[in-house]
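Residues per chain, in single letters:
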Amino acid sequence: MTKTNERHVPVLFQEAIDFLRVRAGGTYVDCTLGLAGHAEGIARLLGPQGHLIGFDRDAEALELARERLAALSSQLGSQAPKVTLIGDAFSSIASHVKPASVDGLLADFGVSSLQFDEAHRGFSFQADGPLDMRMDTRSGPTASQVVNGANERELADLIYEYGEERRSRRIARAIVRGRPFTSTGELARVVSQAAPTMKQERIHPATRTFQALRIYVNRELDEIKELLEAAPKLLKPSARLVVISFHSLEDRIAKDSLREGAHKGIWEILTKKPVTAGEQETERNPRSRSAKLRAAEKQ
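This structure is a prediction, so every number in the text was calculated from the model and none was measured.

Right, let's get into the overall build of the chain. Helices and strands together make up the secondary structure of the chain, namely 13 helices and seven strands. What you see for the chain is a C-alpha radius of gyration of 20 Å, in line with the 19 Å of a compact globule of 299 residues. With respect to the three principal axes, the spread of C-alpha positions in the chain is 60 × 45 × 40 Å. By the burial criterion, 55% of the 299 residues in the chain qualify as buried. Long-range contacts, defined here as pairs at least 24 residues apart, represent 74% of the contacts in the chain between residues at least 6 apart. When the accessible surface of the chain is split by element, carbon and sulfur atoms take 48% of a total near 14,100 Å².

Right under this line is the structure:
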């Protein structure tokens, strides 16, 4: 097993498994495989009649998940479930999964450890790397193309909308003046100079700008909307949906979608308030601090 797999800690693991109510022989979909932390937990409970379907548009993550789940199948032997892995965006789920065939669906919208920790993917400014940020490296514009190609107003708008960054205009002006950018380090330096950390803030001054670019490049919010729209048609009656979000934009979409579905009689919401990580988990895995889990049952 790779070091990346060892380092990977699935967020709100037990809570996700409990809310999914995983039953032997069922069909469960992990829409965001990542390094298969949640998926492995689900697979262990399914038994030989069960079926785990996993999605990830990131080819590197998919390969590591495949290794991890193959090792688990060897370990479980005749008790291993059927596993189907799909290298596609989870928004395409309806073209891969039959209607009313799923007992539980999990989506963890966070960026995986692999993407954040590997400098060559360009998701993080903690280590200098190329400005890429694509989850699916086979298609779509890179962050570099967006940063170097968009005009000042477009940059300001996307940094404000997707990063909830109040100083977006100042940052966009500095980016346009400082172009061209090829690396995460160069961009982070210019953003930090344009909008230094404010006293009450604990996050790096470039955090929101990087978040905005990542969301824009990967169409993350549209992907989530499409998944939540498709989910009710794919789930059996009494099947469960569990989503984990990491910032207010994702959580708002999940909350509004479930609330609207509940009004229409589609969902019974199981989490009156979002479930968050306890003290032990946040100490062990600081990334879990911002995680919010919401769950619902199909009526």
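Having seen the model, we can carry on.
Right, let's talk about the packing of aromatic side chains for a bit. Summed over the entire model, instances satisfying the criterion amount to three aromatic pairs. Where Phe90 meets Phe109, the ring centres are 6.0 Å apart and the plane angle is 45°; that geometry is what we call tilted. Here Phe109 lies in the loop between β4 (102–108) and α5 (113–117) and Phe90 lies in the loop between β3 (82–86) and β4, a separation of 19 residues in the sequence. Here Phe90 matches Phe109 in class, with each residue buried. Ring centres 6.3 Å apart and planes at 40° place the aromatic pair Tyr162 and Tyr216 in the tilted group.

Pairing is mixed in the open sheet, where seven strands are placed in the order β3-β2-β1-β4-β5-β7-β6. The open sheet is flanked by β3 and β6 (267–269), the only strands paired with a single partner. Neighbouring strand axes in the sheet, compared pairwise and without regard to direction, differ in orientation by 15° on average. Inspection of the sheet shows strand β1 (residues 27–30) paired to strand β2 (residues 51–55) by four bridges, in the parallel sense. In the sheet register, Asp30 faces β2, and the bridge partner there is Gly54. The strands touched by helix α4 (residues 59–76) are β2 and β3; relative to β3, the strand with the most contacts, the crossing angle is about 175°.

Among the eleven residues in strand β5 (residues 235–245), eight count as buried, and that is most of the element. As defined by bridge partners, β4 adjoins β5 across six bridges and the pair is classed as parallel. What sits directly across from Asp108, in β5, is Ile244. Judged from the six bridges that link them, β5 and strand β7 (residues 292–298) form a sheet pairing that is antiparallel. Bridged to Val243 within β7 is Arg294.

What follows is about the confidence of the model for the chain. With 95% of its residues at a pLDDT of at least 70, the chain reaches an overall mean of 93. Per-residue pLDDT stays below 50 along residues 1–7; that stretch engages in twelve contacts with residues further than four places along the chain or on separate chains.

Okay, the nonpolar core next. Core analysis: the biggest nonpolar cluster contains 58 residues, and Ile93, Leu105, Ile175, Leu187 and Leu241 have the highest contact counts within it. The element contributing the most residues to this core is helix α11 (residues 220–234), with seven residues. Among all residues touching Leu105, those that are not within four sequence positions of it are Leu20, Val29, Cys31, Ile93, Leu227, Ala231, Leu235, Arg240, Leu241 and Val242. Ala16, Leu85, Val242 and Ile244 belong to the second-largest nonpolar core, a separate cluster that totals 27 residues.

Moving on: the environment of Glu63. Structurally, the position occupied by Glu63 is in helix α4. Assessed through its relative accessible area of 41%, Glu63 is described here as partly exposed. The sequence separation of Glu63 and Phe109 amounts to 46 residues, and the corresponding C-alpha distance is 19 Å.

Taking 1.5 Å per residue as the helical rise, helix α7 (residues 152–163) with its twelve residues ought to reach 16 Å, and the 16 Å between its terminal C-alpha atoms agrees with that figure. Residues of α7 that are buried: Leu155, Ala156, Leu158, Ile159, Tyr162 and Gly163. Backbone nitrogen of Arg153 and a side-chain oxygen of the N-cap are separated by 3.1 Å at the start of α7; the cap is Asn151. Of the residues flanking the end of α7, it is Glu164, one or two places downstream, whose phi is positive at about 50°.

Scanning the entire structure with this criterion turns up 18 salt bridges. We note a salt bridge from Arg219 to Glu226, for which the minimum N-O separation is 3.0 Å. When its relative accessible area of 38% is taken as the criterion, Arg219 is described as partly exposed. A residue is classified by how much of its surface remains accessible, and Glu226, at 34% relative accessible area, is partly exposed. One connected set of salt bridges, linked through shared partners, spans Arg219, Asp222, Glu223 and Glu226.

Reading the values: the criteria
Residues numbered from 1 in each chain as written. Predicted model: local features only at pLDDT ≥ 70, side-chain atom pairs only at ≥ 80, totals over all residues. Heavy atoms only, no water. Helix = DSSP H or I, 4+ residues; strand = E, 2+ residues; numbered from the N terminus. Rg over C-alpha atoms; globule rule 2.2 N^0.38 Å. Buried < 20%, exposed > 50% of the residue type's maximum accessible area, 1.4 Å probe, protein only. Contact = heavy atoms within 4.5 Å. Areas by Shrake-Rupley, 256 points an atom, 1.4 Å probe, with all protein chains shown as cover. Phe/Tyr/Trp six-rings, centres within 6.5 Å; stacked < 30°, edge-to-face > 60°. Pairing = 2+ DSSP bridges. Axes fitted to C-alpha atoms, helices over the stretch in contact; angles between N-to-C directions. pLDDT = per-residue confidence, 0-100. Core = buried A, V, L, I, M, F, W, Y, C linked by side-chain atoms within 4.5 Å. Expected span 1.5 Å × (residues − 1). Polar contact = N/O pair within 3.5 Å; in protein donor to acceptor, adjacent residues only side chain to side chain. Salt bridge = Lys/Arg side-chain N within 4 Å of Asp/Glu carboxyl O.

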